[in-house]
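# Tertiary structure, described
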Amino acid sequence: MWRRLRSALRSLCGSLAVPPPGGGGRSPAAMERAVVRCVPSEPKLSLRFVLPDGSARHMQRDQAEPLGRALARIATNAAKGHGKAGKKSKKARAEDGAEGEAAVPAVRLFSRDGAAVAEEVPNATAWQDGAVLHIGDARYRVERNPPALTELRLPRSLLAGFPVCPKVSAEFAAPQHCLFRWFREQRPVDGGDAAGEAWVETAAAERVFTPSNALVGLRLKLRCTPGDGAQRYGPAREVESSGPVEAGPGACTFDTRHLYTRKVCGQGSVRAVSYNILADTYAQTEFSRTVLYPYCAPYALEIDYRQNLLKKELAGYSADLICLQEVDKSVFVDSLAPALDAFGLEGLFRIKEKQHEGLATFYRRDKFSLLSQHDIAFSEALLSEPLHKELCDQLAKYPLVQEKVLQRSSVLQVSVLQSTADPSRKLCVANTHLYWHPKGGNIRLIQIAVALSHIKHVACDLYPSIPVIFCGDFNSTPSSGTYSFISSGGIAEDHEDWVSNGEEERCRMSLSHPFKLQSACGEPAYTNYVGGFHGCLDYIFIDKNALEVEQVIPLPSHEEITTHQALPSVSHPSDHIALICDLKWK
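Residues numbered from 1 in each chain as written. Predicted model: local features only at pLDDT ≥ 70, side-chain atom pairs only at ≥ 80, totals over all residues. Heavy atoms only, no water.

Pairing geometry for strand 9 (residues 179-185) and strand 11 (residues 220-225), over 6 bridges, is antiparallel. By the bridge assignment, Arg181 is partnered in strand 11 with Arg223. Judged from the 3 bridges that link them, strand 9 and strand 10 (residues 199-201) form a sheet pairing that is antiparallel. Within strand 10, the residue paired with Phe183 across the bridge is Glu201. (Pairing = 2+ DSSP bridges. Helix = DSSP H or I, 4+ residues; strand = E, 2+ residues; numbered from the N terminus.)

Take a look at the structure:
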């Protein structure tokens, strides 16, 4: 075990050097490495190196401690290691006249320019990148905070024709600067070892790898070398897939849509997507399998399978903004955020209180930067923010409705983005998922009133006159009070939705908002298609004073949607359909 540990540490310390561009003879880069990890937020730094006798050392020292103490400890450790390596029998030592302990080697630290570092200098300052540590005759080049992988993981499910997006977490490195090498399992030959121990490197050297049909039945391996963008690389790590590549489902509902979205649209335009992706926490219940989606093959409801479809679908839209609803926290962290990051999108997540799912907003990094976030939970904001006091006072007159509103965990995600090409252009991007119950029209009206009041505060008060894009699953058809309120700017106190759950829950409120909003994708026949219901519930509302629609990406045909009866299916990952449109500033 110790031999393996020493070998691994030698590999760690020895692989940090970047070979000099011209090659040639032995250089300072060929020294052994002393790896220092020093993070300002932590009280201690760590130091790893391998002594000349092959023994590995890992030390933790206070960052504020004087360098002299750390060097004295290194000297003591080196002497102990030398003593153990040179240990003789008592008789042999007596014959040789050897007495006492092994000599303590001289230990010094020299800066990059060759000057000795004073022993009173604190460790945090002393151990700089490129410094040289002397332990007796041995020399070690200090690598401070070298790139290192903290996590490397492949998805559990691999499908031919669908992108494999590894989860890459690194310290002092960034995935876009890492090196990737993909391998496939050697296909067993007749009479050979069926376990397939050998690996064959593929031609792929990108972060995302799409296996072909030729790789069905074979496992994959990824070797990743972390880099920091400054020509420093850390030790490589490898990960193998837990299972083989499987055959894909064939044609999917989004394939035709991808023909319209092959390229990212120009700087003056914004491609927006809104999509309820069906949370795993709802798809994996007995009720879902037997009542809601009995027509869907059980394997097609599994999150690993659906994530394959979803990642390919979203990546193929080449979007600048993606607003998702029903996003499981684990799906965001382990799957969507790493995958979409590889395609140039930065992700933001807001979980619902007391739930395992929430909202996610992604924006294209080379088009937008994030200025600020203003997320709220409707129930909390209604009670605590002065902005909503008038509405809260009105609602208090209707205690049954008030109780239902405050019990809901619905949230609103609001992000203010700035164009990287034209900093004068800013966007207020809002994303929500309103209460679902068919008789909850009155609850949704209160929720959307809070949402629009909060968006007004952000887009009119904090950032005067910036355009609004409001995406979501509003659980409201075009004939509903909620849709009418959003698109017309007001709702009368006698609207039928105020009595959506009977007279005992009647509210009499007249509400208004200042925006001129329109549904960018119009009013499709449906955006949700399940066995017992189909209707239009999802929208991308835009500020029609500032934005106009360039194109709406056509929805899948009715034949495509109903090929497997309804949604979700083996060729579609959700019970909703993504809305996609290209917008431009007026």
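Attention now moves to a nonpolar patch on the surface. Among the surface-exposed residues, Phe287, Val291 and Leu292 lie close enough to one another that they form a single nonpolar patch of about 280 Å² accessible area. Checked against the element boundaries, Val291 lands in helix 7 (residues 286-292). (Patch = residues over 30% accessible without salt bridge, like charges linked within 9 Å, V, L, I, M, F, W, Y side chains within 5 Å. Areas by Shrake-Rupley, 256 points an atom, 1.4 Å probe, with all protein chains shown as cover. Salt bridge = Lys/Arg side-chain N within 4 Å of Asp/Glu carboxyl O.)

Overall, mixed pairing links the 6 strands, which are arranged 3-2-1-6-5-4 in an open sheet. Each end of this open sheet is capped by a strand with a single partner; those strands are strand 3 (56-62) and strand 4 (107-110). Strand-to-strand, the axes of this sheet are offset by a mean angle of 25 degrees, without reference to chain direction. Bridge analysis of strand 4 against strand 5 (residues 132-135) gives 4 bridges, and the strand direction is antiparallel. What sits directly across from Arg108, in strand 5, is His134. (Axes fitted to C-alpha atoms, helices over the stretch in contact; angles between N-to-C directions.)

Quick look at the layout of surface pockets now. Looking at the largest pocket, its volume works out to about 1,100 Å³. Forming the walls of the largest pocket are 39 residues, and the residues nearest its centre are Glu326, His433, Trp436, Pro438 and Asn475. Contributing elements (two or more residues each) for the lining of the largest pocket: helix 7, helix 13 (441-462) and strand 25 (528-530). The greatest single-element share of the lining of the largest pocket, amounting to 3 residues, is contributed by helix 7. (1 Å grid on protein atoms, 1.4 Å probe; cavity = no way out; pocket = protein on both sides within 12 Å on 5 of 7 lines; lining within 4 Å. Points joined across faces, edges and corners; volume = space filled by probe spheres on them.)

Between helix 13 and helix 14 (residues 481-488), whose axes approach to 9 Å, the crossing angle comes to 25 degrees. What the angle tells us is that helix 13 and helix 14 run roughly parallel. For helix 13 against helix 14, the interelement crossing comes out right-handed. Facing helix 13, whose interface residues are Gly441, Arg444, Leu445, Ile448, Ala449 and Leu452, helix 14 presents Gly481, Thr482, Phe485 and Ile486. The class makeup of the residues in the contact of helix 13 with helix 14 is 6 nonpolar, 3 polar and 1 charged. (Parallel < 35°, antiparallel > 145°, perpendicular 65-115°, else oblique. Left-handed = near helix turned anticlockwise from the far one by under 90°. Contact = heavy atoms within 4.5 Å. Nonpolar A, V, L, I, M, F, W, Y, C, P; charged D, E, K, R; others polar.)

All told, the structure shown has 0 disulfides when counted by the stated rule. Just so you know, Cys536 is unpaired, no disulfide at all, and the nearest cysteine sulfur is the one on Cys521, 9.1 Å from it. With a relative accessible area of 3%, Cys536 lands in the buried category. (Disulfide = S-S within 2.5 Å. Buried < 20%, exposed > 50% of the residue type's maximum accessible area, 1.4 Å probe, protein only.)

Read from one edge to the other, the open sheet built from 6 strands follows the order 15-16-14-13-29-28, with strand pairing classed as mixed. Each edge of the open sheet carries a strand with a single partner, namely strand 15 (345-351) and strand 28 (547-552). Averaged over all neighbouring strand pairs, the angle between strand axes comes to 25 degrees, with direction disregarded. Sitting on the sheet, helix 9 (residues 329-342) is in contact with strand 14 (321-328), strand 15 and strand 16 (357-364), with an inclination near 155 degrees to strand 14.

Once that is clear, we can look at the packing of aromatic side chains. A full pass over the atoms with the stated rule returns 14 aromatic pairs. Between Tyr299 and Tyr305, the aromatic rings sit 5.2 Å apart at their centres with planes inclined by 90 degrees, giving edge-to-face as the arrangement. By relative accessible area, which is 9% here, Tyr305 ends up buried. Here the aromatic rings of Phe332 and Phe349 are separated by 5.1 Å at their centres, their planes lie at 25 degrees, and the arrangement is stacked. Taken together, the residues Phe332 in helix 9 and Phe349 in strand 15 connect sequence positions 17 residues apart. By relative accessible area, Phe332 is classed as buried at 10%. A residue is classified by how much of its surface remains accessible, and Phe349, at 21% relative accessible area, is partly exposed. An aromatic cluster of three or more residues is present, and its members are Phe470, Phe474, Tyr483, Tyr539 and Phe541. In this structure, Lys221 is placed above the aromatic ring of Phe183, and the distance from its NZ or CZ to the ring centre is 5.1 Å. Over the ring of Phe162 we find Lys312; its NZ or CZ atom is 4.4 Å from the centre of that ring. (Phe/Tyr/Trp six-rings, centres within 6.5 Å; stacked < 30°, edge-to-face > 60°. Lys NZ or Arg CZ within 6 Å of the ring centre and 35° of its normal.)

Turning next to the pattern of salt bridges. For the structure shown, the criterion picks out 33 salt bridges. The residue Arg112 makes a salt bridge to Asp129 at a minimum N-O spacing of 3.8 Å. Within this pair, whereas Arg112 is found in the loop between strand 4 and helix 4 (123-126), its partner Asp129 is found in the loop between helix 4 and strand 5, the two being separated by 17 residues in sequence. Looking at Arg112, the relative accessible area reads 61%, which means it is exposed. A salt bridge links Glu503 to Arg506, with the nearest nitrogen and oxygen atoms 2.8 Å apart. By relative accessible area, Glu503 is classed as exposed at 55%. With a relative accessible area of 24%, Arg506 lands in the partly exposed category.

The next point concerns the nonpolar core. The biggest cluster of nonpolar side chains holds 46 residues, and the ones touching the most others in it are Leu412, Ile448, Ile455 and Phe470. Counting residues per element, this core draws most heavily on helix 13, which supplies 11 residues. Once residues lying within four places of it in the same chain are set aside, the contact partners of Phe470 are Leu412, Ala430, Asn431, Thr432, Ile448, Ala451, Leu452, Ile455, Tyr539, Ile540 and Phe541. One finds Tyr317, Ile322, Phe332 and Tyr529 within the second-largest nonpolar core, a separate group that totals 42 residues. (Core = buried A, V, L, I, M, F, W, Y, C linked by side-chain atoms within 4.5 Å.)

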